[in-house]
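# An overview of the molecular structure
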Amino acid sequence: MKKSVLTRYRVMAYVTGVLLILLCLGMVGKYILELDGAEAFTYVVSLAHGWLYVLYLVFAFDLGYKAKLPVPRLLWVLLAGTIPTAAFFVERRLSRQVEPLVADAAAAPARA
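Note that the coordinates shown come from a computational prediction; the quantities given were computed from them, not determined experimentally.

Taken together, the side chains of Met27, Val28, Tyr31, Ile32, Leu33 and Leu35 define a hydrophobic patch exposed on the protein surface, amounting to about 610 Å² of accessible area. Along the polypeptide, methionine 27 turns up in helix 1 (residues 3-32). Take methionine 27: its relative accessible area is 33%, and that puts it in the partly exposed class.

Turning our attention to helix 2 (residues 38-66). Taking 1.5 Å per residue as the helical rise, helix 2 with its 29 residues ought to reach 42 Å, and the 41 Å between its terminal C-alpha atoms agrees with that figure. Within the sequence span of helix 2, burial applies to Ala38, Thr42, Val45, His49, Tyr53, Tyr56, Phe59, Ala60, Asp62, Leu63 and Gly64. Lysine 68 sits one or two residues past helix 2 and shows a positive phi near 55°.

Ranked by internal contacts, the top residues of the largest apolar core, which has 21 residues, are Tyr9, Tyr56, Leu63, Val77, Leu94 and Val98. Elements that contribute at least two residues to this core include exactly helix 1, helix 2, helix 3 (71-79) and helix 4 (86-107).

Here the focus is helix 1. Taking 1.5 Å of rise per residue, 30 residues should cover 44 Å, and helix 1 covers 43 Å from first to last C-alpha, within 8% of that figure. Turning to helix 1, its buried residues are Val5, Leu6, Tyr9, Met12, Ala13, Thr16, Gly17, Leu19, Leu20, Leu23, Gly26 and Gly29. The positive-phi residue at the C-terminal boundary of helix 1 is glutamate 34, with phi of around 50°.

The backbone of glutamate 34 shows a phi angle near 50°, a positive value even though the residue is not glycine. Mapped onto the elements, glutamate 34 comes out in the loop between helix 1 and helix 2. Classification of glutamate 34 as exposed rests on a relative accessible area of 63%. Even without being a glycine, lysine 68 presents a positive backbone phi close to 55°. Note that lysine 68 resides in the loop between helix 2 and helix 3. We classify lysine 68 as exposed; its relative accessible area is 71%.

Criteria and thresholds
- Residues numbered from 1 in each chain as written.
- Predicted model: local features only at pLDDT ≥ 70, side-chain atom pairs only at ≥ 80, totals over all residues.
- Heavy atoms only, no water.
- Patch = residues over 30% accessible without salt bridge, like charges linked within 9 Å, V, L, I, M, F, W, Y side chains within 5 Å.
- Areas by Shrake-Rupley, 256 points an atom, 1.4 Å probe, with all protein chains shown as cover.
- Salt bridge = Lys/Arg side-chain N within 4 Å of Asp/Glu carboxyl O.
- Helix = DSSP H or I, 4+ residues; strand = E, 2+ residues; numbered from the N terminus.
- Buried < 20%, exposed > 50% of the residue type's maximum accessible area, 1.4 Å probe, protein only.
- Expected span 1.5 Å × (residues − 1).
- Core = buried A, V, L, I, M, F, W, Y, C linked by side-chain atoms within 4.5 Å.

What follows is the structure, given as structure tokens:
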């Protein structure tokens, strides 16, 4: 497996996780604190998170398929982008699991 597959997933996991935390903070500001401008902020962040979550799903599925993850584990990875802070923990654990596969692929000689 190429290192770029893991890198794409890791970047999107962090982006999705950060946007989800910002969205939660925006919701608190909008509904609990009733801050001015929170509605526009929440709209923009929710829109960005929604579209980038779709990209996260594509990259996470690609990584899971190439790493041959079992279906329950793959579903957990896919859902991690919808639970605040879960994407960070799942990304770290999955990266540690998949990095040996990337290292093995880099060490394998090229076939003619």
